[in-house]
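Commentary on secondary and tertiary structure
Take a look at the letters that make up each chain.
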Amino acid sequence: MIDNILTVGKKVAIYIRHSTKKQDAFHQTETIKRVVQKYGLIAIETYYDNGKSCFRKPIEKRPELNKLLQNAESGAFEILLIYDVDRVVREVAQNTQIFSRLSELGINVIACSGGKPREVEIDTMKLILSGIRAESESDNISVRVYDSCFTRVANHGEWPGGVPPYGCYITKDHKIKFKPGNSENIEKIFRLYQLGLGSSKIADALPKGSYNGGNWTRYAVEGVIRNPIYAGIMSWGKRQKNNNSKYQNRELWKIETKATDVQPLISIFTFERCWDLYVKRKNGEISSCDYSGNYLLKGILACKCGSMMKTKDGRNKTKDKSGRLKTYGECYYYCPECGYHNVKIIHHIVDEKIWALFRSKYAFLPESQVFKKIYEHFGSRLDILNDRLGELMKSRTELKETETQIIDKIAEHLKIDGKNDQNLLAALDNERIRLKLEQDACVTQINKILLQIEKIEKYKNSKEYWEQEIKLLSANADKLKNYEKKYLIRQFIEEIILNGYCLSITFKWDLEHDTIDYRSGIFCF
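Conventions used here
Counting of residues starts from 1 at the beginning of each chain's written sequence and follows it residue by residue. Given that the model is predicted, a residue must reach a pLDDT of at least 70 before its local features are reported, and side-chain atom pairs must reach 80 or more before they are shown or counted; all residues, however, enter totals for whole chains, interfaces and linings. Derived side-chain values reflect all non-hydrogen atoms in the structure, with water molecules and hydrogen atoms excluded from consideration. Each helix is a run of H or I in the DSSP string that is no shorter than four residues. Each strand is a run of E no shorter than two, and both are numbered from the N terminus. Aromatic rings from Phe, Tyr and Trp, taking only the six-membered ring of Trp, are treated as a pair when their centres fall within 6.5 Å; an angle between ring planes under 30 degrees marks them as stacked, one over 60 as edge-to-face, and anything in between as tilted. Counting as a charge over the ring demands two things of the Lys NZ or Arg CZ atom: a distance within 6 Å of the ring centre and an angle within 35 degrees of the ring normal. We define the nonpolar core as a collection of buried residues of types Ala, Val, Leu, Ile, Met, Phe, Trp, Tyr and Cys that are connected through side-chain atoms lying within 4.5 Å of one another. Burial classes: relative accessible area under 20% of the type maximum marks a residue as buried, over 50% as exposed, and values in between as partly exposed (1.4 Å probe, protein chains only). Any two residues whose heavy atoms approach within 4.5 Å are treated as being in contact. The rule for pairing is simple: two strands pair if DSSP sees at least two bridges between them. In the sections that follow, a salt bridge refers to a side-chain nitrogen of Lys or Arg positioned within 4 Å of a carboxyl oxygen of Asp or Glu. In this analysis, axes come from line fits to C-alpha atoms, helices being fitted only over the stretch in contact, and the angle between any two N-to-C directions falls in the range 0 to 180 degrees. To estimate how far a helix should extend, the number of its residues minus one is multiplied by 1.5 Å. These descriptions rest on fixed angle ranges, namely under 35 degrees for roughly parallel, over 145 for roughly antiparallel, 65 to 115 for roughly perpendicular, and the rest for oblique. Each residue is assigned to one of three groups, with Ala, Val, Leu, Ile, Met, Phe, Trp, Tyr, Cys and Pro labelled nonpolar, Asp, Glu, Lys and Arg labelled charged, and all others, Gly among them, labelled polar. Directions are taken from the helix axis to each C-beta atom, and the arc is the one they span.

Right, let's get into unusual backbone geometry. Of note, Asn212 is a non-glycine position whose phi angle comes to about 50 degrees, a positive value. Mapped onto the elements of the fold, Asn212 is located in the loop between helix 7 (199-205) and helix 8 (218-225).

Moving on: the packing of aromatic side chains. Taken as a whole and assessed by the stated rule, the structure comprises 9 aromatic pairs. With centroids separated by 4.7 Å and ring planes inclined at 70 degrees, the aromatic side chains of Tyr166 and Trp216 adopt a geometry described as edge-to-face. Within this pair, whereas Tyr166 is found in the loop between helix 5 (124-155) and strand 6 (168-170), its partner Trp216 is found in the loop between helix 7 and helix 8, the two being separated by 50 residues in sequence. Taken together, the aromatic side chains of Tyr166, Tyr211 and Trp216 make up a single cluster linked through ring pairs. Sitting over the ring of Tyr193, Arg281 keeps its end group 4.4 Å from the ring centre.

Phe190, Trp216, Tyr230, Leu297, Ile354 and Ile493 are the most contacted members of the largest nonpolar core, which has 68 residues in total. Ranked by the residues each element gives to this core, the list is headed by helix 9 (residues 268-282), at 7 residues. In this view, Leu297 contacts Tyr333, Val350, Asp351, Ile354, Ile489 and Ile496; residues no more than four positions away in its chain are not counted. One finds Ala13, Tyr47, Leu65 and Val109 within the second-largest nonpolar core, a separate group that totals 19 residues.

The next subject is the pairing of strand 17 (residues 502-507). Residues in a regular strand point their side chains to alternate faces of the sheet. With burial as the criterion, only one face of strand 17 is covered, namely that bearing Leu503, Ile505 and Phe507; the residues Cys502, Ser504 and Thr506 on the opposite face remain uncovered. Here strand 16 (residues 493-499) pairs with strand 17 via 6 bridges, running antiparallel. When the bridges of strand 17 are listed, Ile496 appears paired with Ile505.

This part is about the pattern of salt bridges. Inspection of the entire model under this criterion finds 12 salt bridges. For Lys282, the salt bridge goes to Glu222, with nearest N and O atoms at 3.6 Å. Of this pair, Lys282 sits in helix 9 while Glu222 sits in helix 8, and the two are 60 residues apart along the sequence. In this structure Lys282 comes out as partly exposed when scored by relative accessible area, which is 46%. On the accessibility criterion, Glu222 (7% relative accessible area) is buried. Taken together, the shared-partner salt bridges connect Arg218, Glu222, Arg226 and Lys282 into one network.

It is worth spelling out the sheet that holds strand 3 (residues 79-82) at this point. The 5 strands are arranged 2-1-3-4-5 in an open sheet whose pairing can be described as mixed. Taken across any chain shown, the strands that pair with only one partner, and hence form the sheet edges, are strand 2 (42-50) and strand 5 (118-119). Summarising the sheet, strand 1 (residues 11-18) and strand 2 pair through 8 bridges and their orientation is parallel. Paired with Ile16 across the strands is Tyr48, a residue of strand 2. Most of the contacts of helix 2 (residues 26-39) go to strand 1, to which it runs at about 165 degrees, and overall it touches strand 1, strand 2 and strand 3. Seen against the sheet, helix 3 (residues 63-73) touches strand 1, strand 2 and strand 3 and runs at an angle of roughly 150 degrees to strand 2.

Moving on, we get to helix 9. The terminal C-alpha atoms of helix 9 lie 21 Å apart, and with 15 residues this matches the ideal 21 Å at 1.5 Å per residue to within 8%. For helix 9, the buried fraction is high: 12 of the 15 residues fall into the buried class. For helix 9, the set of buried residues is Ile268, Phe269, Thr270, Phe271, Glu272, Arg273, Cys274, Trp275, Asp276, Leu277, Tyr278 and Arg281. Once helix 9 ends, the next one or two residues include Gly284, with phi positive near 75 degrees.

Within the fold, Leu192 resides in helix 6 (residues 183-194). As a C-alpha pair, Leu192 and Glu484 span 292 residues in sequence and 9.3 Å in three-dimensional space. Discounting chain neighbours no more than four positions away, the residues touching Leu192 are Leu197, Ile202, Ala205 and Tyr483.

Relative to each other, helix 8 and helix 9 sit at 130 degrees, their axes nearing to 10 Å. In terms of orientation, helix 8 lies oblique with respect to helix 9. The residues of helix 9 that touch helix 8, namely those facing Arg218, Glu222 and Ile225, are Phe271, Cys274, Tyr278 and Lys282. Classifying every residue of the contact of helix 8 with helix 9 gives 4 nonpolar, no polar and 3 charged.

Turning our eyes to something else, we now look at helix 2. In a regular helix each residue adds 1.5 Å, so 14 residues correspond to 20 Å; helix 2 covers 20 Å between its end C-alpha atoms and thus fits that length. All of the buried residues in helix 2 are Gln28, Thr29, Thr31, Ile32, Val35, Val36 and Tyr39. Mapping the buried residues of helix 2 onto a view down its axis gives an arc of 165 degrees, with all of them on the same face. Facing away from the buried side of helix 2 by more than 90 degrees, the exposed set consists of Phe26, His27, Gln37 and Lys38. Where helix 2 is buried, its residues meet helix 1 (2-5), strand 1, strand 2 and strand 3.

Okay, here's the thing in structure tokens:
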């Protein structure tokens, strides 16, 4: 009976937790205080974990709960008063671990929700089921939050919340609008990023003081690149739960494309191109350094040994007898990794010849022929992705069926009177958790592949996706800047390999392969 536990003068500790800073602990605190007064208990200390989510914050990042557990070990109190079990922990393994340890220390745990105190039974079987229900409740909370945001966005076209991005403001009716006068900066950021410039270079190219009264930084530029609102798409849930400064994988974002009446500043195709480029840079697949400087083939010209050719400025400036400044020497490509380290390729001669070859092949190439090859390439890629998707879907179904069988076994043991095999139940629950984690991993891969398939079907197989290439191919070659030339070469040339006095050129999309003698551009020393 609860009256035999809550006797006058018993020393109690109180634990209060709420998930967000917008909530408060008043209701929990008042409910527990009434229990303390009713039974004449002595409250030794109250532990408050304010704004600490059970799932977003692991135990080691909940200071008050850690302090409570330390004091429990020293025997500071006899009873722990909580509002409900899910106020302490919701994850099954931690649930069992914490309450079992309190039981070993002889501490009774009393839940006080509804004003009716009741003892939390420290039984592994019931704790496991309690944890499963708590996990389910957390999932339900996530669903309710998602539904709330989705309703605001999808049904009413409202901003889902948070600080509005650069160049935007929120109206009184919670709609998002673009501020006048910022579109030029936004369009310039996406155009330069797509052409290969790094975030710092773009920040330097933007007008001083044009970023909310301050100067642009690489982080501000990347914040624009990552946000689909500029393409007229609402999104939320982009940041990681445990680290608000980092972004989740994009397949985990919540996206709504139909709700907003915002006039996009860029096309969805431009956003997708820049996003792909951003991901590749973050993964180290490409570097913005390859687009900088005067070397047209930097990062694409390789030696026959497989190493990328490096660049060096071998020019020297001296004054002649008349006092005029003259330049001697050349800028060149070289390979320091193999026997070809004594061979230098004069960069401006090779760059000019490669560019002339490229223009001769592509400037007058029928557009239909280029896109036919591109479509065939991505068609093959779609076949591979769909095969992998089928394998993952089958694997996920098998894992789900096995997990259901484990849960049925747990429920079956609970129905058997006198059954108290704690080790077996704990093992079953650990297996259930493992299966759930494997399912989550499958879902993550499935979502990633579905996103890739969607991108190929909606964007990469569209001529609008390749609008930038079309414009540059048809532009006057003399007016193109060096980074625009680099962009074109990287989009259409797979690799250039130096082999003897020849450069072997492989074009993308299976368009062509060529071998050219560049003896006039190579010299030995």
